[in-house]
Amino acid sequence: MCGIVGYVGDRPCRDLLIAGLEKLEYRGYDSAGVSVISDGEIDSVRAVGNLANLRAALAEHVSGNGGVAVAAPPATIGVAHTRWATHGRVTEENAHPHGDCEDKIHIVLNGIVENHAELRKELQAEGHEFSSETDAEIVSHLIERHYHGDLAEAVRGAFGELRGHYAFVAMHLDHGETLVAARKECPLIVGLGGEENFVASAIPAFLAETRRVLTIENGELVTVTPEGATITDAEGHPVSRQEDEVTWDEDAAEKGGYPTFMKKEIYEQADAVAETITDRLPGLDGVDLSGVALDDEFLRNAERLMIVACGTSYHAGLVGRYAIEQWARVPVGMDIASEYRYREPVSRPNDLVVGITQSGETADTLAAMRLARDGGSKVLAITNIMGSQATRDADAVLFTRAGLEIGVAATKTFVSQVAAMYLLALRIAELRGTLPPERISELIAEIKRLPSKIDETLANVDRRAAAIARSHKDQRFFLYLGRHIGLPICLEGALKLKEISYIPADAYAAGEMKHGPIALLDEDTPVVCVATDSPVLDKVLSNVEEVRARGADVIAVATEGSDRVAEVADQTLFVPRSDWMLQPILAILPLQLLAYYIARENGLNVDQPRNLAKTVTVE
Ligand code: G6P
């Protein structure tokens, strides 16, 4: 989730650009950069680390006489960027802006160019020279390829060749009053000033300067000059757009107009999963984990997988275990990292140990991974954070790319971890030939549909979850019941409720209920049941009947069209139909919202619940 901001107008732009980047810091980043046109040249400064480092690099650049333009007030056009590394390490060379061969075109990009490898090869064959490992640099060279004097036309030409989801802004030395930007999926907003205009990945970047905005839609390009902004479609046909007035205050703007970070992040889940999967599922015939440094031969022959994790990450691992065992037929062990590290686990050279950790810094997970490595196993880290300790300790890393999560309750990082586990499971199945190719294609097609189904689910269940929360906000205890893949979703749903609403909750394998917990049930106990379509649905429904026989109130999560569930439950939250093994990514959404609204009904701060820290630091 990189941040981009561009400015063209009549004011010195360096400080405006850096101020814009500061407002995008919440998205998370590991390096930053800024380019401006001044004195007949493009002057660019980049730095690894935070914006203080970029400021220091700028100061040094000026005092060392390395350049005048970035420091000198006359520069009135520029682009700036905060990078969250996806392709290529965290280095100054990989930081944006990126230039073309003649250093006349500079671009900043947010998102992922899926066909970067083939385009890079083509461009290299034509003589283009690259100076970074990024997918983004392709864009400046592609614009160069299409440039014959008209920047907008060149950007349109480049846009037509790119696949993926991204938004970028380009400027050209010979067009000192023009920025051209394009949007494919990732957000892009123009901020309209007087004799100046902005273009950015999010409104906070320019909200201190203007509240008049134009939203660029998917598949559109925009040419921005000091006089205004012209939008076209991908063929160059003009598109008219109504200007909007932003009414949020700055605090709300950081939250994208949502009342809390948690709600915003719940609504970012489609994007998070899209980021996890896109370039790794280039077609329908297989999973591309080439960036992960896992040896195919090893994956083909590993005797066992062992998953270690804490909290929400552990629940994602549980879902992953079902997928790996079912699709790839490899035995999978699971352990809570704080348990694994203090027993004497047997780790063997032919084991793959998977440490799942959003932060990459959780002490118990890191210790468990090290222990496994010392025992001779190969260790794969699944993490969201570039440069975290887990990435340094592991043999291989699969990044979830969910973007920075500010709310303490893990939401979007959970669904992207589950998606990453699906990718791993399918890749192993592919290598071992445990699923027919048609089944792999079918599953890939379904995984690719998950982002839009996530949006659909949220749109469908939000109000209903809020209403259920209102009627249950005073309840003193909740029981969550599920079987198979429904069980980790219950564990995660109950964890969300405990974590942010402080209401006691327990989650149980529904088949275990008769062995004790059934004693807890009476008319005052709401029972949340994950009853999505699956081969164990009949069993789950029998458990629902048992619960109802004790007078408990049943809140069920069911697959759309599953009337059998609606008939026995008191309240039903429907999620769209998908392959049943993929349902967890959809089924968790109503449970996140339920926990969220119960906490809010009770007036609690869901972003920073008591006694919790987002990152557990290394011991
Ligand atoms: C903390 C967080 C949880 C998270 C757990 C593991 O308890 O509050 O949301 O699931 O740590 O964190 P990790 O970064 O290792 O996934």
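Residues numbered from 1 in each chain as written. Predicted model: local features only at pLDDT ≥ 70, side-chain atom pairs only at ≥ 80, totals over all residues. Heavy atoms only, no water.

Colleague: What is the right way to look at the overall build of the chain in this model?
Modeller: In terms of helices and strands, the chain carries 19 helices and 25 strands. By the compact-globule yardstick of 25 Å for 619 residues, the chain fits well, its C-alpha radius of gyration being 25 Å. Along the three orthogonal principal directions, the C-alpha set of the chain runs to about 80 × 55 × 45 Å. Here the chain, with 619 residues, has 60% of them falling under the buried criterion. Of the contacts formed within the chain by residues at least 6 apart in sequence, a portion of 71% connects residues at least 24 apart. When the accessible area of the chain is evaluated, it comes to approximately 22,700 Å², of which 46% is carbon and sulfur surface. Side chains of the chain carry 59 positive and 94 negative charges; the gap between the two charge centres is 6 Å. (Helix = DSSP H or I, 4+ residues; strand = E, 2+ residues; numbered from the N terminus. Rg over C-alpha atoms; globule rule 2.2 N^0.38 Å. Buried < 20%, exposed > 50% of the residue type's maximum accessible area, 1.4 Å probe, protein only. Contact = heavy atoms within 4.5 Å. Areas by Shrake-Rupley, 256 points an atom, 1.4 Å probe, with all protein chains shown as cover. Lys, Arg positive; Asp, Glu negative; His and termini not counted. Charge placed at Lys NZ, Arg CZ, Asp CG, Glu CD.)

Colleague: Even after reading the chapter, I still don't get the packing of helix 4 (residues 137-146) against helix 5 (residues 151-161), so can you show me in this structure?
Modeller: Between two packed helices, the angle of one axis relative to the other and the distance separating the axes together describe the packing. The N-to-C vectors of helix 4 and helix 5 enclose an angle of 120 degrees; their axes lie 8 Å apart at closest approach. It follows from the interaxial angle that helix 4 and helix 5 lie oblique. Crossing angle aside, the handedness with which helix 4 passes helix 5 is right-handed. Every residue of helix 5 that contacts helix 4 at L142, I143, R145 and H146 is listed here: L151, A154, V155, G157, A158 and E161. (Axes fitted to C-alpha atoms, helices over the stretch in contact; angles between N-to-C directions. Parallel < 35°, antiparallel > 145°, perpendicular 65-115°, else oblique. Left-handed = near helix turned anticlockwise from the far one by under 90°.)

Colleague: So what exactly am I meant to see when it comes to the side chain of T400 here?
Modeller: On the secondary structure map, T400 appears in the loop between strand 20 (396-399) and helix 14 (412-432). Residue T400 is classed as buried on the basis of its relative accessible area, which comes to 2%. Residue contacts for T400: discarding those within four places in its chain leaves A272, T276, I382, T383, N384, S416, Q417 and A420.

Colleague: In this structure, what is going on with the pairing of strand 1 (residues 3-8)? I would like to understand it.
Modeller: Consecutive side chains along a regular strand alternate between the two faces of the sheet. Taking burial as the measure, the 6 residues of strand 1 include 6 buried ones, the bulk of the element. As paired strands, strand 1 and strand 4 (residues 77-83) are joined by 6 bridges and run antiparallel to one another. Residue pairing for strand 4: I4 is matched across the bridge by H81. With 4 bridges connecting them, strand 1 and strand 10 (residues 197-200) associate as antiparallel partners. Opposite V8, over in strand 10, you have N197 as the bridge partner. (Pairing = 2+ DSSP bridges.)

Colleague: Would you mind showing me how to read the pairing of strand 18 (residues 351-357) here?
Modeller: In terms of burial, strand 18 is a largely internal element, 7 of the 7 residues being buried. Side chains D351, V353, G355 and T357 of strand 18 all project onto a buried face; the interleaved residues L352, V354 and I356 project onto the opposite face, where all are buried too. Note that strand 16 (residues 304-309) and strand 18 share 6 bridges and pair parallel. Of the residues in strand 18, the one forming a bridge with I307 is V354.

Colleague: Honestly, the packing of aromatic side chains in this entry has me stumped. Any pointers?
Modeller: Given two aromatic rings, one states the distance between the centres and the angle between the planes to describe the pair. Throughout the structure, instances matching the rule amount to 7 aromatic pairs. Judged by centre distance (6.1 Å) and plane angle (85 degrees), the rings of F159 and Y166 are edge-to-face. Ring centres of Y258 and Y267 lie 5.4 Å apart, and the angle between their planes is 25 degrees; on these two criteria the pair is classed as stacked. Feature note: the residues Y7, F198 and F206 constitute an aromatic cluster, connected by ring pairs. One residue, R120, lies across the ring of F130, its end atom 4.5 Å from the ring centre. Across the ring face of F298, the terminal group of K378 is positioned such that the distance to the ring centre comes to 5.5 Å. (Phe/Tyr/Trp six-rings, centres within 6.5 Å; stacked < 30°, edge-to-face > 60°. Lys NZ or Arg CZ within 6 Å of the ring centre and 35° of its normal.)

Colleague: Honestly, the side chain of D351 in this entry has me stumped. Any pointers?
Modeller: As for its placement among the helices and strands, D351 is situated in strand 18. For D351, the contacting residues outside a window of four places in its chain are F298, R304, V346, S377 and K378.

Colleague: Which parts of the structure should I look at to understand the sheet that holds strand 10?
Modeller: The strands making up a sheet are joined through hydrogen bonds of the backbone, oriented either antiparallel or parallel. Read across the open sheet, the 8 strands follow the order 3-2-4-1-10-9-11-15; overall the sheet is antiparallel. The sheet terminates laterally at strand 3 (41-48) and strand 15 (244-245), the two strands that pair on one side only. Across 8 bridges, strand 2 (residues 31-38) lies against strand 3 in antiparallel orientation. Looking at strand 3, one finds that A32 is bridged to A47. Where helix 1 (residues 14-23) meets the sheet, it contacts strand 1, strand 2 and strand 4, and its direction lies at approximately 155 degrees from that of strand 1.

Colleague: Got a minute to help me understand the pattern of salt bridges in this structure?
Modeller: Oppositely charged side chains can form a pair if their charged atoms are brought close together. Applying the stated criterion across every chain yields a total of 35 salt bridges. We note a salt bridge from D15 to R14, for which the minimum N-O separation is 3.3 Å. Of the charged contacts in the structure, one is a salt bridge between E446 and K453, with a shortest N-O distance of 3.2 Å. The two residues E446 and K453 agree in class, both being buried. When salt bridges with common partners are traced through the structure, they connect E122, E126, R145 and E161 into a single cluster. (Salt bridge = Lys/Arg side-chain N within 4 Å of Asp/Glu carboxyl O.)

Colleague: Would you mind going over the environment of L371 with me for this structure?
Modeller: Locating L371 in the fold gives a position in helix 12 (residues 363-374). Along the primary structure L371 and R348 are separated by 23 residues, whereas in three dimensions their C-alpha atoms are 11 Å apart. Non-local contacts of L371, meaning those with residues more than four positions away in its chain, are made with Y340, R341, P345 and S347.

Colleague: What exactly am I supposed to notice about the sheet that holds strand 8 (residues 179-184) here?
Modeller: As summarised here, the arrangement of the 7 strands in space is 5-6-7-8-12-13-14, forming an open sheet in which the pairing is antiparallel. Edge positions in the open sheet fall to strand 5 (98-99) and strand 14 (238-239), since each of these has one partner strand only.

Colleague: Which parts of the structure should I look at to understand the environment of L450?
Modeller: Looking at the secondary structure, you find L450 in helix 15 (residues 437-472). Residue contacts for L450: discarding those within four places in its chain leaves V273, S578, L582, I585 and L586.

Colleague: Hey, could you run me through the nonpolar core in this one?
Modeller: A general tendency of soluble globular proteins is for nonpolar side chains to be buried together. By size, the foremost hydrophobic cluster in this structure holds 97 residues, and its most contacted members are W327, L380 and Y480. Ranked by residues supplied to this core, first place goes to helix 14 with 14 residues. The residues touching W327, leaving out its near neighbours within four places in the chain, are Y422, A425, L426, A429, T434, L435, R439, L443, M581 and L582. (Core = buried A, V, L, I, M, F, W, Y, C linked by side-chain atoms within 4.5 Å.)

Colleague: In this structure, what is going on with the packing of helix 14 against helix 19 (residues 583-601)? I would like to understand it.
Modeller: At a closest axis distance of 10 Å, the pairing of helix 14 and helix 19 adopts a crossing angle of 170 degrees. With respect to helix 19, the element helix 14 is oriented roughly antiparallel. Counting all contacts with helix 14, which are made through F414, V415, V418, A419 and Y422, the residues of helix 19 involved are P584, I585 and I588. Looking at side-chain class alone, the contact of helix 14 with helix 19 contains 8 nonpolar, no polar and no charged residues. (Nonpolar A, V, L, I, M, F, W, Y, C, P; charged D, E, K, R; others polar.)

Colleague: Is there a simple way to explain the environment of K496 in this structure?
Modeller: As for its position among the elements, K496 is in helix 16 (residues 486-501). Linking K496 and K263, residues 233 residues apart in sequence, is a C-alpha distance of 13 Å. A distance of 2.8 Å separates a polar atom in the side chain of K496 from a polar atom in the side chain of E492. (Polar contact = N/O pair within 3.5 Å; in protein donor to acceptor, adjacent residues only side chain to side chain.)

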